[in-house]
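# Structural features, examined
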Amino acid sequence: PFAAADHQTKNAEASVRAGASVMVRDGELSGERLQRELSGLVNDRARLEAMRQSALALGHPRATEAIVSCLKACLNDSSV
């Protein structure tokens, strides 16, 4: 909650909405809560697989190449 504009929470919420993760807020975290969350995932292989698929769908595996290509295009654009 202390990151600039609380961006970490916003990122986590987006991941949760997509079904790719579980979020536990700092104030709710304890050893017991962590154990309960992890046990729930380990013991529910179908849920874990669904989360894995959701996380993969969120990814951009070629993001670096796209950014570099865009930057090169900007550098080559004489109007910049």
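In what follows, the structure referred to is the one given above.
Rules and cut-offs
- Residues numbered from 1 in each chain as written.
- Predicted model: local features only at pLDDT ≥ 70, side-chain atom pairs only at ≥ 80, totals over all residues.
- Heavy atoms only, no water.
- Helix = DSSP H or I, 4+ residues; strand = E, 2+ residues; numbered from the N terminus.
- Rg over C-alpha atoms; globule rule 2.2 N^0.38 Å.
- Buried < 20%, exposed > 50% of the residue type's maximum accessible area, 1.4 Å probe, protein only.
- Contact = heavy atoms within 4.5 Å.
- Areas by Shrake-Rupley, 256 points an atom, 1.4 Å probe, with all protein chains shown as cover.
- Lys, Arg positive; Asp, Glu negative; His and termini not counted.
- Charge placed at Lys NZ, Arg CZ, Asp CG, Glu CD.
- Patch = residues over 30% accessible without salt bridge, like charges linked within 9 Å, V, L, I, M, F, W, Y side chains within 5 Å.
- Salt bridge = Lys/Arg side-chain N within 4 Å of Asp/Glu carboxyl O.

## Re the overall build of the protein
- In terms of helices and strands, the protein carries four helices and zero strands.
- Rg of the C-alpha trace for the protein: 18 Å, well past the compact-globule value of 12 Å for 80 residues, more than 25% over.
- C-alpha extents for the protein along the principal axes are approximately 60 × 30 × 15 Å.
- Burial status across the protein gives 10% buried among its 80 residues.
- Counting contacts in the protein only where the partners sit at least 6 residues apart, residues at least 24 apart contribute 44% of the total.
- Counting only carbon and sulfur atoms, one obtains 59% of the accessible surface of the protein, whose full area is about 6500 Å².
- Here the protein holds 10 positive side-chain charges and 10 negative ones, and the gap between their average locations is 4 Å.

## A few points about the environment of R45
- The residue R45 is located in helix α3 (residues 45-58) in this model.
- Classification of R45 by relative accessible area gives exposed; the value is 61%.

## What about a nonpolar patch on the surface?
- On the surface, L29, L34 and L38 cluster together to form a nonpolar patch covering roughly 280 Å² of accessible area.
- Looking at where L34 falls in the secondary structure, it is placed in helix α2 (residues 31-42).

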